[in-house]
Protein chains: 2
Amino acid sequence: MPTSNIIDLHGLKKACSNCSLHDLCIPMGVSDQELDALERIINRRRPLQRGEYLYRPGDRMQALYAVRAGSVKTSSISDDGLEQVTGFHLPGELLGLDAISDGIHPCTARALETTSVCEIPYDRLEDLAGQVPGLQRQLFRIMSREIQFDEHLMTLLGKKSSEARLAAFLLSLSKRFGERGFSRQEFNLTMSRNDIANYLGLAVETVSRLFTRFQQLGLLEVNRKLVQLIDMEGMHQMAGAHGPETLEKGGRGG
Amino acid sequence: MPTSNIIDLHGLKKACSNCSLHDLCIPMGVSDQELDALERIINRRRPLQRGEYLYRPGDRMQALYAVRAGSVKTSSISDDGLEQVTGFHLPGELLGLDAISDGIHPCTARALETTSVCEIPYDRLEDLAGQVPGLQRQLFRIMSREIQFDEHLMTLLGKKSSEARLAAFLLSLSKRFGERGFSRQEFNLTMSRNDIANYLGLAVETVSRLFTRFQQLGLLEVNRKLVQLIDMEGMHQMAGAHGPETLEKGGRGG
DNA sequence: CGGTCACTTGAGGACATTCAATGACCGTGG
DNA sequence: CCACGGTCATTGAATGTCCTCAAGTGACCG
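Residues numbered from 1 in each chain as written. Chains lettered and ligands numbered in written order. Predicted model: local features only at pLDDT ≥ 70, side-chain atom pairs only at ≥ 80, totals over all residues. Heavy atoms only, no water.

Going by an unreviewed UniProt entry, chain A carries the name Putative transcriptional regulator, Crp/Fnr family and comes from Thioalkalivibrio sulfidiphilus.

A.B. asks: Mind laying out the protein's contact with DNA strand C, listing which residues take part and the relevant values?
C.D. replies: Close to DNA strand C lie 21 residues, the nearest being Ser208 and Thr212 of chain A together with Ser162, Leu202 and Thr206 of chain B. Sugar and phosphate atoms form 67% of the subset of DNA strand C atoms that lie within 4 Å of the protein. Take Lys225 of chain A: an N or O atom from its side chain is 3.3 Å from a phosphate oxygen of DNA strand C. The backbone of Ala203 of chain B places a nitrogen or oxygen atom 2.9 Å from a phosphate oxygen of DNA strand C. (Near = heavy atom within 4 Å. Polar contact = N/O pair within 3.5 Å; in protein donor to acceptor, adjacent residues only side chain to side chain.)

A.B. asks: Please give an account of unusual backbone geometry that cites residues and values.
C.D. replies: Non-glycine residue Arg224 of chain A carries a positive phi angle of around 60°. Take Arg224 of chain A: its relative accessible area is 71%, and that puts it in the exposed class. (Buried < 20%, exposed > 50% of the residue type's maximum accessible area, 1.4 Å probe, protein only.)

A.B. asks: Account for the packing of aromatic side chains, naming residues and giving values.
C.D. replies: This model, assessed by the stated rule, comprises 13 aromatic pairs over all chains. Centre to centre, the rings of Phe140 of chain A and Phe140 of chain B are 4.9 Å apart; their planes meet at 40°, and the pair counts as tilted. Taken together, the residues span two chains, with Phe140 of chain A in helix H3 (residues 133-158) and Phe140 of chain B in helix H3 (residues 133-158). For the pair Phe140 of chain A and Phe140 of chain B, a shared accessibility class is recorded, and that class is buried. These aromatic residues form a ring-pair network of at least three members: Phe88, Phe169 and Tyr199 of chain A. A cation over an aromatic ring shows up here: Arg56 of chain A above the ring of Tyr53 of chain A, its NZ or CZ 3.7 Å from the ring centre. (Phe/Tyr/Trp six-rings, centres within 6.5 Å; stacked < 30°, edge-to-face > 60°. Helix = DSSP H or I, 4+ residues; strand = E, 2+ residues; numbered from the N terminus. Lys NZ or Arg CZ within 6 Å of the ring centre and 35° of its normal.)

In structure tokens form, the structure reads like this:
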């Protein structure tokens, strides 16, 4: 029977089998027997408080991390010394994939709220992937999905309309929350307006104005951190828009 | 003994061992014995002519492709039906990584010039990676590097300055050409101005104006497709710039 | 209750886009 | 060989979006 270094911390029997994120996280597509082996190498860490670092640029990459609860922001420092937010990570998502190539973390990972993560020692994961084809395949898939997501994001940043960016961002959050069993319509923005703006390549003021504008248009209700999406259809149209000639000129669907 | 379907096309003994891209492409970090196994699964394809498709969105992903000579553009169609260029791929670079997760190509790959590629059947590659730890590790590294590159690109698109984007783009090309044994200072832009603009999230006219501006500033010489980088130092400064207050106002190095 | 911080709102300006026209290059066909 | 039409690239002028700067409001905390 498996050694139980992962267990006592939170009184859970298994790290993965019982996890509600089972079908989002690494285990997806891995058979039950294979899952045992994976569970044996996963460590749990004490929850991180808001603002605590999971890793920083230059840190040796010793493990990947799966968000279990809470949310994490990753960011890096560009040449000019300014922060650039590269992603927000919700439960079931894997962090640290960009560090595999050099063995050094190129970016910062910081908890946006009280957050718990599973720690997966990378060398052991690599070994295991060599023995368990299903796991190897799943890892390739996860990394591929990440690449696909980034390409999608590039498309978003390439579009110049600020409305499309924020709308797409909110819809992305909505979808991901939904997949995790939370409400698609109503959720909390755990990141600051500043972070959102930075991530989307906009100014804070623009983001703020867009929220009010969206509210006036009846697309959503926003109160501080809480967002309620009202008109999903309209939101999707907004996210599809690319040019300046798209707002309130009457919908030319595109 | 290995079937030799890869050989006769161009009279080469081996697909990888003799390849000048040996230390850029997959084989890097894979031992000589292991290399044999890899070579055995690689197919060569007849060269693609300019404009020919390597794959299109919706195509089943059956293989990854390594560019051997020439260059390839990848792009996808966004919601609004407009093309979005997601990358330019030079010799030694791998295509199709974004298709692994779904088994379907999400984007288009099209030759920018006469181009030859190595075809690597994915199911066989996956099998082989399970048997050859060095290969598995290398594949993880390659995908990780791709993710890192995309993050860097996001940072670029987040910066609003158009100069920084074009400068960074040219420097990226320069670096990659240099790594492949070509000149770092002088190279051909195989893609159209339109493609560059699309890739960088700018208008064609802006790119055109920037080329003339850079030329006036003595940063480069450009003639049609041919680019000569003159002042690399200045180019780097330009690429590091982020705000509007960076050009010809005297360098506040940042 | 006063302080700090994050967010919101307003006014002005800069950069990039859009529209429009000219110019260079290429293949075709006379 | 030269004329022709097409595509691609460049250049100019005007509009617009988003940014910057600045002030104001509200929440949270000691």
